[in-house]
Structure formats: structure tokens, C-alpha cells
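Chain and residue survey
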Amino acid sequence: MVDLRDLAVPVVAAPMAGGPTTPELVVATNNAGGMGQLAAGYLTPERVASDIAAVRAGGVETFGVNIFVPEAEPVDREAVARYRDHILEYAASLGVDLPTADELGDDDDHFDAKIALMCDERIPFVSFAFGCPSPDVVSELRRHGCSVGVTVTTADDAVLAAGTGADWLCVQGPDAGGHRSVFDRRTEPPTQPLNDLVRAVRARVELPMVAAGGVATPERADRVRSLGPVAVQVGTVLLRTHEAGTKPAHASALADAARTETVVTRAFSGRPARALRNRFIDRFDGAAVAEYPAVNTLTGGLRRAAAADPDGINLWAGTGFREAVVESASDTVRRLG
Ligand SMILES: Cc1cc2nc3c(=O)[nH]c(=O)nc-3n(C[C@H](O)[C@H](O)[C@H](O)COP(=O)(O)O)c2cc1C
């Protein structure tokens, strides 16, 4: 089994579901000596298989694939219906027909098929977000040569993840762009700063750690690695690179001097996520409910209809968003190594 401690450059590209991660981004990260990860979230298993083939066709063997763990608690349809009422008028203004709350059920994002694919393809690194995989899933993956990582946001979750037999942890701090990887979607996302969280996890768990969240400069990367993690995991700083598939409205908002603030919101998906503040958040955050994945599906049509409007889409961004520049991802990865 490959080991994260062997990376030539201690930088891991965050898996970024929803478009930003492409096979090209993974290849560029590996070419610079780091490690890329595909994002399997929201995709069909067939599409994930074709992305894996594209990474391998690019000459890369040591890479990761990231999978969302299904929700433990079923969706509360009454809460979804309440949120639906709040966004109904906006949906009508865009000419979008919203699905009804009854049509928005629980969805496991093809979890079993994705695990089977990881085993068949013997993916070197499989990481999980949004929850803790069961010990059975972890041992099945390990039996197929996959090294298993779990994303955690608290030291208690790190202990739980270690108990499954996982090989490594992605320790995610509060400055991270995109979704916070809380195990229970209804808990408030922890605010313990990344350096403190890393120290707290290290005091209780011996597994190798990758540290994520707001790491966008060489100084920040060196500082957090000096506390023990074998690598940093970076997302936002890669969003404007040539190889990223970030939507144009998202990429240009990151560089827009008028956008000065990121906030954590459940308005788009029901799970807490950090994004550049925009009108969608200002209008709907107060009414949002913690009902992932139903809220994600509910707002999906609105976000597609407003794809070119930075005030109508989820502009995922960590606090280091000002450091995201237009260049090759290989250059970004080398700079942070
Ligand atoms: C656009 C975007 C999409 C993301 N999608 C995922 C994902 O699919 N799976 C995951 O584990 N983390 C995802 N994350 C979180 C990253 O793994 C990581 O924790 C975060 O990017 C680190 O903080 P930074 O953005 O400040 O570098 C995403 C982050 C961003 C910015």
C-alpha cells in the first residue's frame, strides 16, 4: 500500500466536487510532485470510472478519489417544505419549477457502487467526506490495496475515524472552502483554528494527517506542516488554475475586489459550507434548513438557471481566496511545497 509520507512535495489537491476538479488538475498536481484527488461526489459511477481512466491515461498511478458518506439521519420533509416555500418566489422569477418536498428524498450518491469501483480499480487513496465509513467498508477497501482517509473536523471524530481502521486523516479547519466535513449534518461546524485542531488530533491519534483549510501561502503551509501533518490539502488556491474546471462566474468572483467576505451557510445544500458572500446567501441563509441532500437537489435547478450570475450560485471559497491566481496548478503546488 502506498503511503502519504512518501510524497515528493507535501501538497495534496483537494477533491472539489461540482466541476472544479478535473483529471487534468490531478495530473498537474502529480506532475509537480504532489498528489491529486478526483471528486466522486454528485457523479455517476460511470463518470467516475471515465475520470479514473483519464488520470491513468495522463500517466498518473498514485492518486486519490473522494467519496461522500451517506447521511445517517433521514431527511425531514417538513423542514424541506418550509425552505421550499421561502425560495418559491425567487424560483418563479427565474422560471424554474421546484421539485416538491415529497420528490426530494434521501439519496446515497451511489455509495455502494462507488466503493465497488474503488476496489475493482484498486485506487491507491480513497478519502471520505461528510461522515465516517463503517469498519466493514474500510477493511474491504484495504483488502483491495486502497489506503483509506477520513475527513474530520474535531478530535473526537478523529478518534472515531481511527477506530474504523482508516490509514490517514484529512483534518479540516474552519477556514476551509466548500463543505465542512461534519459527521452529523445538523451540528454547528466547529470553529477551533486549524493549528489547534491539528495539535488536539495529534494528542489523541497517531495516524498520518493531511491538514486542510485556509492554506494558501507557503508560510501557512510550512507553519501547519511543522505541527506534524505529512502534507497540506489545498482547494481554493487551485480554483483559478488553468487545469481547474471552475465555472467562469465562480472563478471571476474570486478575483472581484468587491467580494471581500466569506461566510458559512447552509442555504445551497443544507450542509454548512464556506462561500463568498452573495445575494443568494443574504436572502436565504436565515431560512435554510440542515437537510442535505434534499436542499442541494432543491436549489440545483436555481443554480443551473443562474449559472452566469455570481449572485445566484454557490461561490465556494476558503478564507485564503485572494491567493488564488491564474497559473498552472503545477506552479501552485510547487510554491506550496
Ligand atoms: C469548490 C470546492 C469543492 C469542494 N469539494 C469537496 C469534495 O467534493 N470533497 C471533499 O472532501 N472536500 C471538498 N472540498 C473541501 C476541500 O477538501 C478542503 O477541505 C478545502 O478546500 C480546504 O480549504 P481551502 O479551500 O481553504 O484550501 C471542496 C472545497 C472547495 C473549495
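Residue indices follow the written sequence of each chain, beginning from 1 at its first position. Reporting of local features is limited, given that this is a predicted model, to residues whose pLDDT is at least 70; pairs of side-chain atoms are given and counted only at 80 or more, and all residues count toward the totals for whole chains, interfaces and linings. Here the side-chain values reflect all heavy atoms present in the structure, with hydrogen atoms and water set aside.

Examining the packing of aromatic side chains
Classification of ring pairs rests on two measures: the distance between centres of Phe, Tyr or Trp rings, Trp counted by its six-membered ring, which must be within 6.5 Å, and the angle between planes, read as stacked under 30 degrees, edge-to-face over 60 and tilted in between. Using the criterion set out here, one finds 10 aromatic pairs in the structure. With 6.2 Å between their ring centres and 50° between their planes, Phe111 and Phe128 make a pair best called tilted. With Phe111 in helix α4 (residues 111-121) and Phe128 in strand β4 (residues 125-129), the pair connects residues that are 17 residues apart, well separated along the chain. Assessed through its relative accessible area of 0%, Phe128 is described here as buried. Aromatic pair Phe125 and Trp168: ring centres 6.0 Å apart, planes at 75°, arrangement edge-to-face. A residue pair is termed long-range when its members are at least 10 positions apart, and Phe125 in strand β4 and Trp168 in strand β6 (residues 168-172) qualify at 43 residues. An identical accessibility class is assigned to Phe125 and Trp168; each is buried. Here the aromatic residues Tyr90, Phe268, Phe280, Phe284 and Trp316 are joined through ring pairs into a cluster of three or more. We call a charge positioned above a ring when the Lys NZ or Arg CZ atom is no farther than 6 Å from the ring centre and deviates by at most 35 degrees from the ring normal. The ring of Phe130 has Arg271 lying over it, and the distance from NZ or CZ to the ring centre is 4.4 Å. Secondary structure elements follow DSSP: runs of H or I of four or more residues count as helices, runs of E of two or more count as strands, with numbering from the N terminus. Throughout this description, buried means an accessible area under 20% of the type-specific maximum (1.4 Å probe, protein chains only), exposed means over 50%, and partly exposed covers the range between.

A few points about the side chain of Asn278
Mapped onto the secondary structure, Asn278 falls in the loop between β11 (273-276) and α10 (279-284). Counted as a polar contact is a pair of N or O atoms within 3.5 Å, where, for protein atoms, one must be capable of donating a hydrogen and the other of accepting one, and residues adjacent in sequence contribute only when both atoms are in side chains. Polar contacts involving the side chain of Asn278 include one to the main-chain carbonyl oxygen of Pro310, which spans 2.8 Å. Contacts between residues were defined by any pair of non-hydrogen atoms, one from each residue, lying within 4.5 Å. With residues up to four places along the chain from it excluded, the contact list for Asn278 reads Arg259, Phe268, Pro310, Asp311, Gly312, Ile313 and Leu315.

A look at unusual backbone geometry
Cis geometry is found at the peptide bond from Tyr292 to Pro293, where omega equals 0°. Secondary-structure assignment places Pro293 in the loop between α10 and α11 (294-305). Phi is positive for Tyr42, close to 70°, though the residue is something other than glycine. In this structure, Tyr42 sits in the loop between β2 (37-39) and α2 (45-57). Unlike most non-glycine residues, Phe130 shows phi in positive territory, near 75°. Relative to the assigned elements, Phe130 resides in the loop between β4 and α5 (135-143). Taking the relative accessible area as the measure of exposure, Phe130 reaches 3% and is therefore buried.

Topic: the nonpolar core
To define a nonpolar core, start from buried Ala, Val, Leu, Ile, Met, Phe, Trp, Tyr and Cys residues and group those joined through side-chain atoms within 4.5 Å. Within the largest apolar cluster, 71 residues are counted, with the highest numbers of intra-cluster contacts made by Met118, Phe128 and Leu141. The biggest single contributor to this core is α4, with five residues. Excluding residues that lie within four positions of it along the chain, Phe128 makes contacts with Asn66, Ile67, Val69, Phe111, Ile115, Pro133, Val137, Leu141, Val148, Gly149, Val150 and Thr151. Listed in part, the 27 residues of the second largest apolar core include Val80, Leu98, Phe268 and Ala273.

Focus: the sheet that holds β6
One requirement defines pairing of two strands: DSSP has to find at least two bridges between them. Spatially, eight strands are ordered β1-β9-β8-β6-β5-β4-β3-β2 in an open sheet, and the strand pairing comes out parallel. For this open sheet the edge positions go to β1 (11-13) and β2, each flanked by a neighbour on one side alone. For this sheet the average axis-to-axis angle between neighbouring strands, irrespective of direction, equals 25°. Where β2 lies against strand β3 (residues 64-68), three bridges are found, and the strand directions are parallel. Bridge pairing in β3 places Leu38 opposite Val65. Contacts from helix α6 (residues 155-163) reach β5 (147-152) and β6, with the element oriented near 160° to β5. Every axis corresponds to a line fitted to the C-alpha atoms, with the helix fit spanning only the stretch in contact, and the corresponding angles, defined between N-to-C directions, vary from 0 to 180 degrees.

What to know about the sheet that holds strand β7 (residues 178-179)
Taken together, the three strands give an open sheet; going across it, the order is β7-β11-β10, and neighbouring strands pair in antiparallel fashion. Among the strands making up the open sheet, the edge pair consists of β7 and β10 (262-265). Alignment of β7 against β11, held across two bridges, turns out to be antiparallel. Each residue of the ladder has a partner; that of Gly178, found in β11, is Arg274.

Some points on the environment of Ala308
Take Ala308: it is sitting in the loop between α11 and α12 (329-336). A relative accessible area of 71% places Ala308 in the exposed class. Separated by 29 residues in the primary sequence, Ala308 and Gly337 have C-alpha atoms spaced 34 Å apart.

Here's the deal with the site of the ligand
Consider each residue's heavy atoms; a residue with any of them within 4 Å of a molecule or strand counts as near. In the vicinity of the ligand lie 23 residues, with Pro15, Asn66, Gly214, Gly235 and Thr236 positioned nearest. Take Pro15: an N or O atom from its main chain is 3.2 Å from a nitrogen atom of the ligand. Protein chains bury 96% of the 590 Å² of accessible surface belonging to the ligand in isolation. Broken down by secondary-structure element, the contributors of at least two residues to the shell around the ligand are β3 and β9 (231-234). Its residues assigned to classes, the shell around the ligand comprises 12 nonpolar, 10 polar and one charged. Residue exposure ignores everything except the shown protein chains as possible cover, and the areas themselves are Shrake-Rupley values with a 1.4 Å probe. Put simply, Ala, Val, Leu, Ile, Met, Phe, Trp, Tyr, Cys and Pro go in the nonpolar bin, Asp, Glu, Lys and Arg in the charged bin, and everything else, Gly too, in the polar bin.

A look at the packing of helix α3 (residues 77-94) against α11
Relative to each other, α3 and α11 sit at 5°, their axes nearing to 11 Å. Taken together, α3 and α11 sit at an angle that is classed as roughly parallel. Across the interface between the two elements, Val80, Tyr83, Arg84, Ile87, Tyr90, Ala91 and Leu94 from α3 touch Ala294, Val295, Leu298, Thr299, Leu302 and Ala305 from α11. In the contact of α3 with α11, the residues fall into 11 nonpolar, one polar and one charged. An angle below 35 degrees is treated as roughly parallel, one above 145 as roughly antiparallel, one from 65 to 115 as roughly perpendicular, and anything else as oblique.

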